[in-house]
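Chain by chain, the residues run as shown.
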Amino acid sequence: MKKLLVGIKRVVDYNVRIKVKADGSGVMLDGVKMSINPFDEIALEEALRIKERGQADEVIVATIGPADCQQQLRTALAMGADRAILVQSTSSVEPLTGARVFLELIKKEQPFAVIMGKQAIDDDNNQTGQMLAGLWGRPQATFASKIVLTDTMATVTREVDAGLETLEVDLPAVFTADLRLNEPRYVKLPEIMKAKKKPLDTLAITDLGIELQDRVRLVKAEPPAARQKGIVVKTAAELVAALKQKGLLS
Amino acid sequence: MNKILIIGEHEGGKLNASIAKCVKCAQAIPDGEITILVLAADGAAVAGQAAAIAGVAKVLRIDHPANAHALAAVLAPQIAAIAAPFSHVFGPSTTFGKDLMPRVAALLNAPQLSDIMAAESATRFRRPTYAGNAIVTLEVAAGTKIVATVRSASFEAAAAGGSAPIELVTATAEIPTHTRFVSVTAAKSDRPDLQSANKVVSGGRALGSAENFKIIAGLADKIGAAVGASRAAVDAGYAPNELQVGQTGKIIAPELYMAFGISGAIQHLTGIKDARTIVAINKDPEAPIFEVADLGLVGDLFVVIPEIESLLGR
């Protein structure tokens, strides 16, 4: 059985305007809409397309977090994942610990590839996929905008600062999805109903023999320094004059 | 003493400009000694450039044919083998550093702090989260090795004029062959590099087509600016991916940023908030870009750009 493992994270929805708590202990999450991290949604879509092309038999979606993450796993199942795993943890998990969890899932499930988003839009860490590949001792192809698979290899196009880089990696490997890898499908109502019957296993992070590490402590969170209010000019001439005065144009 | 190792990104025999900024960041760590590590097929030229950055105590150079292309899976085990005596391992927050450093951190069993924008002590750092909408201060437990990527836009370049000794070393590490470089396609351009340009002219969805996007490049060339684009413009195929500015594209800090037809999604604004002067030209007076703009003009970019060009006599 050719399995694909997809990692997703429950995050504050893309469209929510973030507010930092007055006491600096974090951002306001009460009553805020939560969603699958958009990059992870792209990762899942890619896995589903690979399966639809007949290059995988099963798509397993996994996440780490509190019981509420079941919502996002159900959405992932409705998109088309075959089954879901929730590794439950009530405290926040640093990326290296997250990578260790996925390494344990790999040992259990033996996937031929792991796909996850390149970064989560809450912490913006961009670490877990690379750390997993490092711990696993397998190739990583990050920031992927195209993945072409054969039985033993993948050719991956990556979005890098210079432009587009192409790598060839042996399987199994870790891929992280960039924005232009694909456009995720919309979930239709019948699929949401069907997803309720798909298997969703829950286990505790400690069941995997993983100890939570507490090496990085949040001292405070604060809103970014506000920019000074600017001015609105009426004409291009005023604009050019203002920029010349600042010495920015000549 | 804090021993800081900086991974010297390079391409085509040139040290990346972000490395001098990593040095500046590392200099904020008290009682620090800064070493730059250059991994290349032949790192002579690059090591020389690294040694010329003021404040660098030493340059380590690993020459190996496998290092001809910067592959994270190949470089990480070599870096991990060298990193044992160091308290901090820094890389730039470029796609090179973002790809490589977490793999290094995993091999070192160290936590990583991404995109650090300030070092307040050897263990306390500030970094942006939520697309720059929440800046967090983090304290790392004493005695923990720290891996970090340094946000270039937050630091000036360290001065030139150093003359650090260069030492050729070998890393005792198994170099994998499971990851192979095939090619890189980069648009050749005579324009300034987007990441380090003093001026950037950027276009958004309002451009409407790749053909129309040329008006942005035209103005950029007339004022000596780099070209940028919003995610919407890149997604629509008006501009290539390497021009994308924002949370998931490039984070830039030019003296002048001119945004044409960009509405100003939070994800875009996070990429430009360190720009000295932001100019916004947009038809929609309610566009969020005007909230951060130092100078705004409500108008049609296809009218405004030719006006600007004629006012400048170009």
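For the structure, see preceding data.
Source: prediction; values computed, not measured.

(A) Just the pairing of strand β11 (residues 146-150) of chain B, in detail. Residue and element names in this part refer to chain B. For β11, the buried fraction is high: 5 of the 5 residues fall into the buried class. Side chains of β11 alternate between two faces, with I146, A148 and V150 and V147 and T149 buried alike. Examined bridge by bridge, strand β6 (residues 88-92) and β11 share 5 bridges and lie parallel to one another. Residue pairing for β11: V89 is matched across the bridge by V147. Here strand β7 (residues 112-116) pairs with β11 via 3 bridges, running parallel. By the bridge assignment, L113 is partnered in β11 with A148.

(B) Region of the structure containing the interface of chain B and chain A. Taken together, the contact pairs 67 residues of chain B with 62 residues of chain A. Broken down by element, the residue count for the side of chain B that touches chain A peaks at 8 residues, all from helix α4 (residues 95-108) of chain B.

(C) Seen up close, the sheet that holds strand β7 (residues 140-149) of chain A. What the 10 strands build is an open sheet, ordered β11(A)-β5(A)-β4(A)-β1(A)-β6(A)-β10(A)-β7(A)-β8(A)-β9(A)-β13(B); its pairing is mixed. The sheet terminates laterally at β11 (200-204) of chain A together with β13 (179-185) of chain B, the two strands that pair on one side only. For this sheet, the mean angle separating the axes of adjacent strands, direction not counted, is 30 degrees. Note: strand β8 (residues 153-160) of chain A against strand β9 (residues 163-170) of chain A, 8 bridges, orientation antiparallel.

(D) A look at unusual backbone geometry. That bond from L171(A) to P172(A) is cis: its omega, 0 degrees, falls within 30 degrees of zero. Secondary-structure assignment places P172(A) in the loop between β9 and β10 (173-177). We note that D115(B) has phi near 55 degrees; this positive angle belongs to a residue other than glycine. When the 24 C-beta atoms within 10 Å are taken as the criterion, D115(B) is described as buried. The phi dihedral of Y130(B) is positive, around 50 degrees, even though this residue is not glycine. Relative to the elements of secondary structure, Y130(B) occurs in the loop between β9 (124-129) and β10 (134-140).

(E) Main features of the sheet that holds β6(B). Residues and elements named next belong to chain B. On the basis of which strands lie adjacent, the open sheet formed by 7 strands has the order β7-β11-β6-β1-β4-β5-β12 and parallel pairing. Each of the sheet's edge strands pairs with one partner strand only, and the pair in question is β7 and β12 (166-168). Each strand of the sheet is rotated relative to its neighbour by a mean of 25 degrees, with strand direction disregarded. Judged from the 6 bridges that link them, strand β1 (residues 2-7) and strand β4 (residues 32-40) form a sheet pairing that is parallel. From the neighbouring strand, L5 faces β4, where its bridge partner is T35. Across the face of the sheet, helix α2 (residues 44-51) comes into contact with β4, β5 (58-63) and β12 while running at roughly 165 degrees to β4.

(F) A look at the packing of helix α6 (residues 236-245) of chain A against helix α9 (residues 301-311) of chain B. Between α6(A) and α9(B), the shortest axis-to-axis distance is 9 Å and the interhelical angle comes to 50 degrees. Regarding the angle of α6(A) to α9(B), the classification is oblique. Crossing hand, α6(A) versus α9(B): right-handed. Contacts between α6(A) and α9(B) involve A236(A), A237(A) and V240(A) on the former and, on the latter, V304(B), E307(B), I308(B) and L311(B). Grouping the amino acids of the contact of α6(A) with α9(B) by side-chain chemistry returns 6 nonpolar, no polar and 1 charged.

(G) Examining helix α2 (residues 70-79) of chain A more closely. If you check which residues of α2(A) are buried, you get Q72(A), L73(A), T75(A), A76(A), L77(A) and M79(A). Residue G80(A) follows α2(A) closely and has a positive phi angle near 140 degrees.

Reading the values: the criteria
- Residues numbered from 1 in each chain as written.
- Chains lettered and ligands numbered in written order.
- Predicted model: local features only at pLDDT ≥ 70, side-chain atom pairs only at ≥ 80, totals over all residues.
- Buried ≥ 20, exposed ≤ 12 C-beta atoms within 10 Å, placed from the backbone.
- Helix = DSSP H or I, 4+ residues; strand = E, 2+ residues; numbered from the N terminus.
- Pairing = 2+ DSSP bridges.
- Contact = placed C-beta atoms within 7 Å.
- Axes fitted to C-alpha atoms, helices over the stretch in contact; angles between N-to-C directions.
- Parallel < 35°, antiparallel > 145°, perpendicular 65-115°, else oblique.
- Left-handed = near helix turned anticlockwise from the far one by under 90°.
- Nonpolar A, V, L, I, M, F, W, Y, C, P; charged D, E, K, R; others polar.

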